[in-house]
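Structural features, examined
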Amino acid sequence: MIDYRFAFATPADVPALALLIERAYRGPEAAKGWTNEAEILTGPRSSPEEIAGLIADPEARFLVALDGDRPVACALLKRHGTGAYFGMFAIDPAVQGGGLGKLMMTRADAAVRELWNANYLRLSVISLRDQLIAWYERRGFVQTGQHEPFPFDSSPGALRTDFHLTVLQKAL
Ligand SMILES: CC(C)(COP(=O)(O)OP(=O)(O)OC[C@H]1O[C@@H](n2cnc3c(N)ncnc32)[C@H](O)[C@@H]1OP(=O)(O)O)[C@@H](O)C(=O)NCCC(=O)NCCS
């Protein structure tokens, strides 16, 4: 595997992160992958404004993996109670399946412990995405039994509405 460098994003990374997130979740390259959500959601996953706001938030960080100067993976880490929330997880479609996702999870665990002394990591996944939920379970997450409503109001590109967000958590 390439020797990736890990860092927290700065405002200069906003355009590259916005592009990476769209390519990983919604673009034609994502549609070829096993995690694609093309049959569930269309339209943008995020926006440069949302990403810039999160980078400016003192209670949040974007962990990025860099190949040279180019971000090839990102994950949002956000303080949440005594733990942390993990989200906007995206691996460049060109390097998916090469182990970088697993490496990012390990880095994320270490980062939230170091930043906030977090004692859990929490995330939410679209309830229809069984294979992705299984991927997180193999990384030590368990389903909490909690569900959250999907934000359909801010996601006009939803193609169906028969799902919610499944909350998973792992102790650190
Ligand atoms: C989900 C994602 C982060 C995984 O990252 P990655 O770098 O591709 O993952 P890795 O290479 O570390 O691991 C590959 C894993 O995928 C699994 N996998 C590969 N193809 C698969 C398929 N067709 N069906 C199910 N699992 C598959 C492998 O079995 C392996 O898991 P294992 O080691 O536990 O067996 C990445 O695919 C991604 O960015 N997806 C798009 C955005 C997204 O869905 N983010 C998560 C939102 S909650």
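Every value quoted in this text rests on a predicted model; they were computed, and no experiment measured them. (Residues numbered from 1 in each chain as written. Predicted model: local features only at pLDDT ≥ 70, side-chain atom pairs only at ≥ 80, totals over all residues. Heavy atoms only, no water.)

The next subject is the packing of aromatic side chains. A full pass over the atoms with the stated rule returns 7 aromatic pairs. When the centroid spacing of 4.9 Å and the interplanar angle of 70° are considered together, the rings of F86 and F89 count as edge-to-face. Each of the two residues, F86 as well as F89, counts as buried. A ring pair is formed by Y136 and F141, whose centres lie 5.7 Å apart and whose planes are at 80°; its orientation type is edge-to-face. (Phe/Tyr/Trp six-rings, centres within 6.5 Å; stacked < 30°, edge-to-face > 60°. Buried < 20%, exposed > 50% of the residue type's maximum accessible area, 1.4 Å probe, protein only.)

A few words now on the site of the ligand. Lining the immediate environment of the ligand, one finds 21 residues, of which I91, G99, G101, K102 and R138 sit closest. At a separation of 2.7 Å, an oxygen atom of the ligand approaches a polar backbone atom of G99. In the complex, the protein chains occlude 78% of the 970 Å² of accessible area that the ligand would expose alone. Elements represented by at least two residues in the shell around the ligand include exactly helix 1 (14–25), strand 4 (83–91), helix 3 (100–116) and helix 4 (130–138). Take the shell around the ligand: its biggest share by element is 5 residues, from helix 4. Class assignment for the residues of the shell around the ligand results in 10 nonpolar, 7 polar and 4 charged. (Near = heavy atom within 4 Å. Polar contact = N/O pair within 3.5 Å; in protein donor to acceptor, adjacent residues only side chain to side chain. Areas by Shrake-Rupley, 256 points an atom, 1.4 Å probe, with all protein chains shown as cover. Helix = DSSP H or I, 4+ residues; strand = E, 2+ residues; numbered from the N terminus. Nonpolar A, V, L, I, M, F, W, Y, C, P; charged D, E, K, R; others polar.)

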